[in-house]
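Structural overview for review
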Amino acid sequence: MYYNEICMSIAFNELEKTFNLQSKNTSYVLQIHRDGYLVHLYWGKKIKKVNAEELLALTGRGSFSPNPNPEDNELSLDTLPQEYPAYGNSDFRAPAYCIQLENGSTITDLRYESFTIKKGKTTLEGLPATYVESDDEAETLEITLADPLIKLKVVLSYTVYKDYDVITRNVKFINKGTSNLKLLRALSMSLDFDSNNYDFLHLHGAWARERHVERTSLLNGTQSIESRRGASSHAHNPFIALLSKDATEDYGDVYGFSLVYSGNFLAQAEVDQYYTTRVSIGINPFDFSWLLEPEQSFQTPEAVMVYSSNGLGEMSRTYHKLYRTRLCRGKFRDKTRPILVNNWEATYFNFNAEKIESIAKAGKELGIELFVLDDGWFGKRDNDDCSLGDWVVDAKKLPNGLDTLAKHVNELGLQFGLWFEPEMVSPDSDLYRRHPDWCLHVPDRIRSQARKQLVLDLSREDVCDYIVRSVCDILKSAPISYVKWDMNRNMTEIGSENLPRERQRETAHRYILGLYKVIDRITSKFPNVLFESCSGGGGRFDPGMLFYMPQTWTSDNTDAVERLKIQYGTSIVYPISTMGAHVSAIPNHQVHRNTSLKMRGDVAMSGNFGYELDLTKFTDKEKEVVKEQITHYKKLRELIQFGDFYRLLNPFKGNEAAWMVVSTDKTQAFAVYFRVLALPNAAIRKLQLKGLDSTKEYSVSHKSVTFGGDELMYSGLSIPELQGDYQSVVWTLKSI
Ligand code: DGJ
């Protein structure tokens, strides 16, 4: 039996009660199974139909997998592949949700009630999510499940994009009953694979070592990553993937799961006793609960699922395109980004207007377009001990104020940008002295400090209003074209003075909702300002922040060698156009390494390019190199920021790295190769390129002959002999 309306992206087969969600190359099939359980049948390469009976055969398994229906020994939820599983009714695997009732019990029972299919995609109340620009781009299936005993409705939403191999999911809980319900767990999705024959890939790290790629075999039991820090964090990124054992960059099955959320999350894969695998992702249930009073609803964040049958590279390109064009928003989404100089590593807190203007002047001579004034311009902030929350210009450093400084920088020919850390308060600040209750805290407990600061309680409206007001006042006071929105510590003693006792465990999520509201208000008030998010570098490099701010400071680690891994790992999910990357001084301030100016430039060019050092200290020779880098980037930035990204050599595997960007029409490309340490009598090597048009002929920079796209991809381009450590080679290609 074929689907009733196969031409649609989402088709319902009335007879078999199956839904087939079809994107360009994939199918995702689910079924209303007997007794109204919603089961998962298939996700992968596009297929016309799924024989449900075949897939669900042998789900009944003796006494240790119990049967919820005494009449039906063949049905156990413990063996049924499900779409949104509960706990306690015969499924012993990890549940997707858990609710405590007023009688203290945690048993609920969701069964199918109804469905709707509509064109387009609905927005998520208060939460960032991918979007459509026209209703023709996607279709959305909403399946309502219900537990009639407590009058709970749960709406599972699935959106399938026509032109991307993407399915997004989210869940809404609605309390239609007369009693309170307490959500203890409310994940955004759950999905059962019928085997464990996969590898588990995730991005882990630390401050200055973000998003390192780790791939391991799926093990029996649960493999999970999570954040309990109140931010998505440097330590783990809200993303996991399952890969077929043979999957490579260009080959094999890859299933990606990314969460559009910036707070505590959980992502896990559980291999059960029958070697099936349950994957889920969502808000971390750890220290979370949410009171749902009658008629209230709770919306989960969005999970973005990408399937690729052509390896990890294709999965990444799908995320890149979706996140670049249908997650990032605003004027700068499709605009090339300015080349900037940031004074942080040049001066730290030790600057005055004269110094700033001298750097800006040097920047103009080199071709730089934007000057960013980092931390230290407000309060009495000569170090990081004080003044967060007091967003008043430091008259000692900038006696003529921000407006005059910004105008001088403008007169020099550069735009002016400014750093803020609005979510924080220093105990040594006027704000804290006025409002000691405005930070996250628990009565009678210590208030742990990090970098001598506390976290403002963004679950409170008065605190949010204060932040919006103080940031907007500054933005109105001077010609500011760019904002770096920093956040430099994680949450401790999570509690809010404004919330009742039964809602204290909502604080961390309410904080994130407050944050989203605050940045939505500010960014919509200043649509002509380019916002870059930052959290001690990449501590909140996640899709949630990208919805409001189209770029992120990738890492505080600006060492070119370390950046190879950080940027390579970041590219697994996030587009090049979202990554801030700067050339900094040597010895590098984080790892004290001396790399060549050329390599530093080539690494930083594979992102939103900038400099973060004292430009006035360049020698004449260095100035020439930098001028050339800037001219080169200006010619290529449209391609680099908006082209298709291909990873060529993996820095986690050795001494080399390489990647390239190809324009969507395949007429232009930029490829770069890095070799970290010199090798004696190094091997003669060719680099095989990717993503080119095999029928096209290309000219390659510094080569006197032309090459076929097929030759460049299958035979390769020879890597010149390199001398010394920290070498890089760049090629630009044009079709002729
Ligand atoms: C952390 C950021 O990542 C740095 O770039 C810099 O802005 C400092 N904070 C300033 O305090």
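Residues numbered from 1 in each chain as written. Predicted model: local features only at pLDDT ≥ 70, side-chain atom pairs only at ≥ 80, totals over all residues. Heavy atoms only, no water.

**A look at the overall build of the chain**
Worth spelling out the cut-off: Only DSSP runs of H or I with at least four residues qualify as helices, and only runs of E with at least two residues qualify as strands; both kinds are numbered from the N terminus onward. Using C-alpha atoms as the atom set, the radius of gyration is obtained and then compared with a globule rule of 2.2 Å times the number of residues to the power 0.38. Buried residues are those whose accessible area, probed at 1.4 Å on protein chains only, stays under 20% of the maximum for their type, while exposed residues exceed 50% and partly exposed ones sit between those limits. Here, two residues are considered to be in contact whenever any of their heavy atoms come within 4.5 Å of each other. Surface exposure here means Shrake-Rupley accessible area, sampled with a 1.4 Å probe, where a residue is shielded only by the protein chains that are shown. Counted charges follow a simple rule, with Lys and Arg positive, Asp and Glu negative, and His plus the chain ends left uncounted. One atom stands in for each charge, and that atom is NZ of Lys, CZ of Arg, CG of Asp or CD of Glu.
Looking only at helices and strands, the chain features 13 helices and 38 strands. Computed over C-alpha atoms, the radius of gyration of the chain comes to 27 Å, within 12% of the 27 Å expected from 2.2 N^0.38 for 736 residues, which places it in the range of a compact globule. Considered along the principal axes of its C-alpha atoms, the chain spans approximately 85 × 70 × 45 Å. Residues classed as buried in the chain amount to 61% of the 736 residues present. Contacts in the chain between residues at least 24 apart in sequence constitute 68% of all its contacts with a sequence separation of at least 6. Accessible surface, the chain: about 27,700 Å² in total, of which carbon and sulfur atoms supply 49%. Looking at the chain, you have 86 positive and 96 negative side-chain charges, and the mean spots of the two groups are 3 Å apart.

**Observations regarding the sheet that holds strand 22 (residues 370–373)**
Operational definition: A pair of strands is considered paired only if DSSP assigns at least 2 bridges between the two. Structural elements are reduced to axes, namely lines fitted to C-alpha atoms, with helices fitted over the stretch in contact, and the angle between N-to-C directions of any two is expressed from 0 to 180 degrees.
Taken together, eight strands build a closed barrel; the order of strands is 21-22-23-26-27-28-29-30 and the barrel is parallel. Strand after strand, the sheet turns through a mean of 30 degrees between neighbouring axes, direction not considered. Inspection of the sheet shows strand 21 (residues 340–342) paired to strand 30 (residues 608–612) by two bridges, in the parallel sense. Each residue of the ladder has a partner; that of Val-341, found in strand 30, is Tyr-611. Contacts from helix 8 (residues 507–525) reach strand 26 (482–485) and strand 27 (530–533) within the one sheet, and its direction differs from that of strand 26 by about 170 degrees. Packed onto the sheet, helix 10 (residues 560–570) meets strand 28 (551–553) and strand 29 (579–584) and runs at close to 170 degrees relative to strand 29.

**Details of the pattern of salt bridges**
Rules: The rule for a salt bridge is simple: a side-chain nitrogen of Lys or Arg has to be within 4 Å of a carboxyl oxygen of Asp or Glu.
Scanning all chains against the criterion turns up 53 salt bridges. One salt bridge in this structure joins Glu-293 and Arg-503, with 3.1 Å as the shortest N-O distance. Remark: Arg-503 occurs in the loop between strand 26 and helix 8 and Glu-293 occurs in the loop between strand 18 (290–292) and strand 19 (297–299); sequence separation between them is 210 residues. For Arg-503, a relative accessible area of 9% gives the class buried. As a salt-bridge pair, Arg-381 and Asp-375 come within 2.7 Å of each other at their nearest N and O atoms. Each member of the pair, Arg-381 together with Asp-375, is buried. Each of Glu-133, Glu-137, Arg-326, Arg-333 and Asp-334 takes part in one network of salt bridges that share partners.

**Topic: the nonpolar core**
Across soluble globular proteins, nonpolar side chains show a tendency to be buried alongside one another. We apply this condition: By convention a nonpolar core is built from buried Ala, Val, Leu, Ile, Met, Phe, Trp, Tyr and Cys residues, the set being connected through side-chain atoms within 4.5 Å.
Among the nonpolar cores identified, the biggest contains 191 residues, and Phe-173, Phe-257, Leu-373 and Trp-377 are the most heavily contacted of them. The leading source of residues in this core is helix 7 (residues 461–477), at nine residues. The contacts of Phe-257, once residues within four sequence positions are left out, are Trp-43, Met-189, Leu-191, Phe-193, Pro-238, Phe-239, Ile-240, Val-279, Ile-281, Val-304, Met-305 and Tyr-319. One finds Leu-649, Tyr-673, Leu-689 and Phe-707 within the second-largest nonpolar core, a separate group that totals 23 residues.

**Some words on the environment of Ile-522**
Turning to its location among the elements, Ile-522 is positioned in helix 8. Along the backbone, Ile-522 and Val-471 are 51 residues apart, and their C-alpha atoms lie at a distance of 7.7 Å.

**Regarding the pairing of strand 27**
Worth spelling out the cut-off: Viewed with both strands pointing away, a crossover whose connecting path from the first strand over the helix to the second turns clockwise is right-handed.
Covered by surrounding structure in strand 27 are Leu-530 and Glu-532 together with Phe-531 and Ser-533, the residues of both alternating faces. Strand direction decides the pairing type here: strand 26 and strand 27, joined by four bridges, are parallel. Pairing of Lys-484 across the sheet is with Glu-532, part of strand 27. Handedness of the crossover is the feature at issue here: the chain leaves strand 26, passes through helix 8, returns alongside strand 27, and the resulting connection is right-handed. Where strand 27 and strand 28 come together, two bridges link them in parallel fashion. The residue of strand 28 that forms the bridge with Ser-533 is Thr-552.

**Focus on the site of the ligand**
We count it as follows: Definition of nearness: a residue and a molecule or strand are near each other if at least one heavy atom of the residue lies within 4 Å of the molecule or strand. For this analysis, a polar contact is any N or O atom pair within 3.5 Å, provided that within protein one partner can donate a hydrogen and the other can accept it, and provided that sequence-adjacent residues contribute only side-chain to side-chain pairs. Each residue receives one of three labels: charged for Asp, Glu, Lys and Arg, nonpolar for Ala, Val, Leu, Ile, Met, Phe, Trp, Tyr, Cys and Pro, and polar for the others, Gly being one of them.
Taken together, 13 residues lie around the ligand, and Asp-374, Asp-375, Lys-484, Asp-486 and Asp-556 are the ones closest in. Here Asp-374 contributes a side-chain N or O atom positioned 2.6 Å from an oxygen atom of the ligand. Asp-556 places a side-chain nitrogen or oxygen 2.3 Å from an oxygen atom of the ligand. Per-class residue counts for the shell around the ligand are four nonpolar, three polar and six charged.

**Thoughts on the UniProt feature "binding site: substrate" (unreviewed entry) in the chain**
We count it as follows: UniProt positions are given in the numbering used here, feature names are shortened, and annotations may be inferred rather than shown by experiment.
UniProt records the feature "binding site: substrate" (unreviewed entry) at Trp-207, Asp-374, Asp-375, Arg-451, Lys-484, Trp-485, Asp-486, Met-487, Asn-488, Cys-534 and Asp-556, using the numbering of this structure. Looking at where Asp-375 falls in the secondary structure, it is placed in the loop between strand 22 and helix 5 (401–412). Dropping the residues within four chain positions of it, Asp-375 is found in contact with Trp-344, Tyr-348, Phe-349, Phe-351, Arg-381, Trp-419 and Arg-451. At 2.7 Å, the side chain of Asp-375 forms a polar contact with the side chain of Arg-381. Examined against the element boundaries, Asn-488 turns out to sit in the loop between strand 26 and helix 8. If we ignore the near neighbours within four places in the chain, the residues touching Asn-488 are Trp-419, Glu-421, Met-424, Arg-451, Gln-453, Ser-535 and Gly-536.

**Let's talk about helix 12 (residues 620–642)**
In an α-helix there are 3.6 residues to a turn, and that puts residues three or four apart on one side. We count it as follows: By this rule the span expected of a helix is its residue count minus one, scaled by 1.5 Å.
An ideal rise of 1.5 Å per residue puts 33 Å on 23 residues; helix 12 measures up with 33 Å between its terminal C-alpha atoms. Turning to helix 12, its buried residues number three or more, namely Val-626, Gln-629, Ile-630, Tyr-633, Leu-636, Arg-637, Leu-639, Ile-640, Gln-641 and Phe-642.

**Some words on the pairing of strand 17 (residues 277–283)**
The buried fraction of strand 17 amounts to seven of the seven residues, a majority that puts the element mostly inside the structure. In this structure, strand 10 (residues 181–193) lies alongside strand 17, joined through six bridges in antiparallel fashion. Of the residues in strand 17, the one forming a bridge with Ser-190 is Ser-280. Here strand 16 (residues 265–271) pairs with strand 17 via seven bridges, running antiparallel. In the sheet register, Ala-269 faces strand 17, and the bridge partner there is Val-279. Adjacent in sequence and paired antiparallel, strand 16 and strand 17 are bridged by five residues, among which Tyr-275 carries a positive phi angle near 60 degrees.

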